[in-house]
Amino acid sequence: MLVIGFSLLTPNFLDPNNLFNISRQVATLGIVAVGFAFILITGGIDLSVGYQISLNIVVCGLLMSQYGLPWYIAIVAVLVLGTTIGLINGLIITLTGVAPLIVTLAMMTILNGVSYLLSDGLPIFGFPTEFSFLGQGALAGVPVSLIVMILVWAAGIFLLNKTYIGRYFYAIGNNVEAARLSGVNTSRTLIFVYALGGFFTAIGAVLLLSRLNSAQSSTGAGFEFDVLTACVLGGVSVMGGRGHLFGAFVGVLIVGVLDNGLVLMNVSEYVQLVLKGAILLIAVIYDARSKSSSGRRKQIGGVALTKPSNRVTV
């Protein structure tokens, strides 16, 4: 319906060049959504993904433009950095028992400050032309970033549906205590899922930097709400234990089409924020009050939505 509506309201929406741009624009969101959906399924949340992207692109930009490292070495360094940030999130959550919502909110602020300290709040540019190919180039007419997104999604679907680790994600999201009593190493699995989320976020950040060709500390601001909206619209429950990557993929397309269509219609950025916030709110309320959620724990990111419990949830 969105596609039909925007195609009627904006004559350029179905232009092949615009569709090509949409596929590039949703690549980062789609890749980050894979790790984010895993975290939601375990009953957690990672609000730091936006500023993980900011820090990753600032570090990647500095390594290439100021320290002269080859672009592929800079990419490897950023992938290690992203995984380490996710690992730290997972360790803090599992070792302290503090709700993921609070831990990652604090981490978001820390990463925001670090990215500004490293860049002095100034844009970073001057990257090798080979690096730009990742975000702007195409192979046989297909954008490279779209190919990377498809590969990441294939790996994510395999992990979630064909391995015991994927079953552990659902088990922890449904009832972490029952999963632990069933023999699942819940702490190790949660640390792994946050580290994996950081790894996928770093991949998305590299593609975003390659497309924009400029690193700024503010680039990732608000990205966490876009990826959360995409996952929830796709049926991934914020209360954990439910959801599939295919649904999250549909949610990514909805958000990507909505963003592109609103820009083509010259809708104010502030109006876009209102619309996105309203969509996220409606999706979360629907998730919390749907029949399939009845009888399940009411929580988001480890924070209970109903009466408090003495048991710490992760």
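All values reported here derive from a predicted model rather than from experimental measurement.

(A) Geometry of a nonpolar patch on the surface. Taken together, the side chains of Ile4, Leu8, Leu9 and Met265 present a nonpolar region at the surface, about 440 Å² in accessible area. Looking at the secondary structure, you find isoleucine 4 in helix H1 (residues 2-9).

(B) Molecular detail of the pattern of salt bridges. Taken as a whole, this structure holds three salt bridges when the rule is applied. Across the pair arginine 180 and glutamate 177 runs a salt bridge, and its minimum N-O distance is 2.5 Å. Linking arginine 180 with glutamate 177, this pair stays in helix H9 (residues 176-181), spanning three residues, or about one helical turn. Classification of glutamate 177 as partly exposed rests on a relative accessible area of 29%. Between lysine 276 and aspartate 259 there is a salt bridge, with its nearest N and O atoms 2.8 Å apart. Residue lysine 276 is found in helix H13 (residues 269-289), and its partner aspartate 259 is found in helix H12 (residues 245-264); the two are separated by 17 residues along the sequence. Across this residue pair, the class does not change: lysine 276 and aspartate 259 are buried.

(C) Inspection of the side chain of threonine 189 at higher detail. Relative to the elements of secondary structure, threonine 189 occurs in helix H10 (residues 186-212). Using a relative accessible area of 9% as the deciding quantity, one classes threonine 189 as buried. Polar contacts involving the side chain of threonine 189 include one to the main-chain carbonyl oxygen of asparagine 185, which spans 2.9 Å. Other than its neighbours up to four places away in sequence, threonine 189 contacts Tyr168, Phe169, Ile172 and Val184.

(D) Summary view of helix H8 (residues 164-174). Within the span of H8, buried status applies to Gly166, Phe169, Tyr170, Ile172 and Gly173. One side of H8 carries all its buried residues, which in axial view fall inside an arc of 165 degrees. Buried residues in H8 make contact with helix H2 (16-41), helix H7 (144-162), H9 and H10.

(E) Representation of the environment of tyrosine 286 within the structure. You can see tyrosine 286 is positioned in helix H13. Taking the C-alpha atoms as reference points, tyrosine 286 and glycine 61, 225 residues apart in sequence, are found 41 Å from one another.

(F) Fine view of the packing of aromatic side chains. Applying the stated criterion across every chain yields a total of six aromatic pairs. Ring geometry for tryptophan 71 versus tyrosine 72: centroids 5.7 Å apart, planes at 80 degrees, classification edge-to-face. Tyrosine 72 gets classed as partly exposed once you look at its relative accessible area, which sits at 46%. When the ring of tryptophan 153 is compared with that of phenylalanine 249, the centres are 5.3 Å apart and the planes differ by 70 degrees; the resulting orientation is edge-to-face. Residue tryptophan 153 is located in helix H7, and its partner phenylalanine 249 is located in helix H12; the two are separated by 96 residues in the primary sequence. Given a relative accessible area of 26%, phenylalanine 249 falls into the partly exposed group.

(G) Structural view of the nonpolar core. Counting residues in each nonpolar core, the largest one holds 86 residues, and the members touching the most others are Phe38, Phe131 and Val227. With 13 residues, H2 is the largest single contributor of residues to this core. Not counting residues within four places of it along the chain, the set of residues in contact with valine 227 comprises Leu29, Val32, Ala33, Phe36 and Val49.

(H) Structural detail: the packing of H7 against H10. As a packed pair, H7 and H10 sit with axes 10 Å apart at the nearest point and diverge in direction by 170 degrees. By the angle between their axes, H7 is roughly antiparallel relative to H10. Judged by residue contacts, Ser145, Val148, Val152 and Leu159 of H7 engage Phe192, Leu196, Phe200, Ile203 and Leu207 from H10. Classifying every residue of the contact of H7 with H10 gives eight nonpolar, one polar and no charged.

(I) Region of interest: unusual backbone geometry. At alanine 140, a residue that is not glycine, the phi angle is positive and equals roughly 55 degrees. One can find alanine 140 in the loop between strand S1 (138-139) and strand S2 (142-143). Phi is positive for asparagine 213, which is not a glycine, with a value near 65 degrees. Mapped onto the secondary structure, asparagine 213 falls in the loop between H10 and helix H11 (223-233). Its relative accessible area of 30% is what places asparagine 213 among the partly exposed residues.

(J) Broad picture of the environment of glycine 261. In this structure, glycine 261 sits in helix H12. Given a relative accessible area of 0%, glycine 261 falls into the buried group. Between the C-alpha atom of glycine 261 and that of threonine 10, which follows or precedes it by 251 residues, the distance is 7.6 Å. Sequence-distant contacts of glycine 261, that is, excluding residues within four places in its chain, are made with Phe6, Thr10 and Phe13.

(K) Fine view of the side chain of asparagine 89. If you trace the backbone, asparagine 89 turns up in helix H4 (residues 71-96). With a relative accessible area of 0%, asparagine 89 lands in the buried category. Apart from the residues lying within four places of it in its own chain, the contact partners of asparagine 89 are Asp46, Ser48, Gln52, Val103, Thr104, Met107 and Tyr194.

Cut-offs applied
The residue numbers shown here count from 1 along each chain, following its written sequence. Where totals are concerned, whole chains, interfaces and linings use all residues; where local detail is concerned, this predicted model gives features only for residues with pLDDT of at least 70, and gives and counts side-chain atom pairs only at 80 or more. Side-chain descriptors were evaluated using all non-hydrogen atoms of the structure, hydrogens and water having been removed beforehand. Patches in this entry comprise residues that are over 30% relatively accessible and not in a salt bridge; like charges within 9 Å are linked, as are nonpolar side chains (Val, Leu, Ile, Met, Phe, Trp, Tyr) within 5 Å. Only the protein chains shown count as covering a residue, and every accessible area follows the Shrake-Rupley method with a 1.4 Å probe. Salt bridges, as used here, are contacts in which a Lys or Arg side-chain nitrogen is within 4 Å of a carboxyl oxygen on Asp or Glu. Numbering of helices and strands runs from the N terminus; a helix is a DSSP stretch of H or I covering at least four residues, while a strand is a stretch of E covering at least two. Think of it in three bands: residues with accessible area under 20% of the maximum for their type are buried, residues over 50% are exposed, and the middle band is partly exposed, with areas taken using a 1.4 Å probe on protein chains only. Within 3.5 Å is the distance limit for a polar contact, defined as a pair of N or O atoms, with the added protein rule that one can donate a hydrogen and the other accept it, and that residues adjacent in sequence qualify only through two side-chain atoms. In this analysis, two residues are considered to be in contact whenever any of their non-hydrogen atoms come within 4.5 Å of each other. What the arc describes is the spread of directions from the helix axis to the C-beta atoms. In summary, the pairing rule links any two rings of Phe, Tyr or Trp, Trp by its six-membered ring, whose centres are within 6.5 Å, and it sorts them by plane angle into stacked for under 30 degrees, edge-to-face for over 60 and tilted for everything else. Among the buried residues, those of types Ala, Val, Leu, Ile, Met, Phe, Trp, Tyr and Cys that are joined through side-chain atoms within 4.5 Å form a nonpolar core. Axes here mean lines fitted to C-alpha atoms, for a helix over just the part in contact, with angles spanning 0 to 180 degrees between N-to-C directions. Angles below 35 degrees are treated as roughly parallel, those above 145 as roughly antiparallel, those between 65 and 115 as roughly perpendicular, and all remaining angles as oblique. Each residue is assigned to one class: nonpolar for Ala, Val, Leu, Ile, Met, Phe, Trp, Tyr, Cys and Pro, charged for Asp, Glu, Lys and Arg, and polar for all the others, Gly among them.

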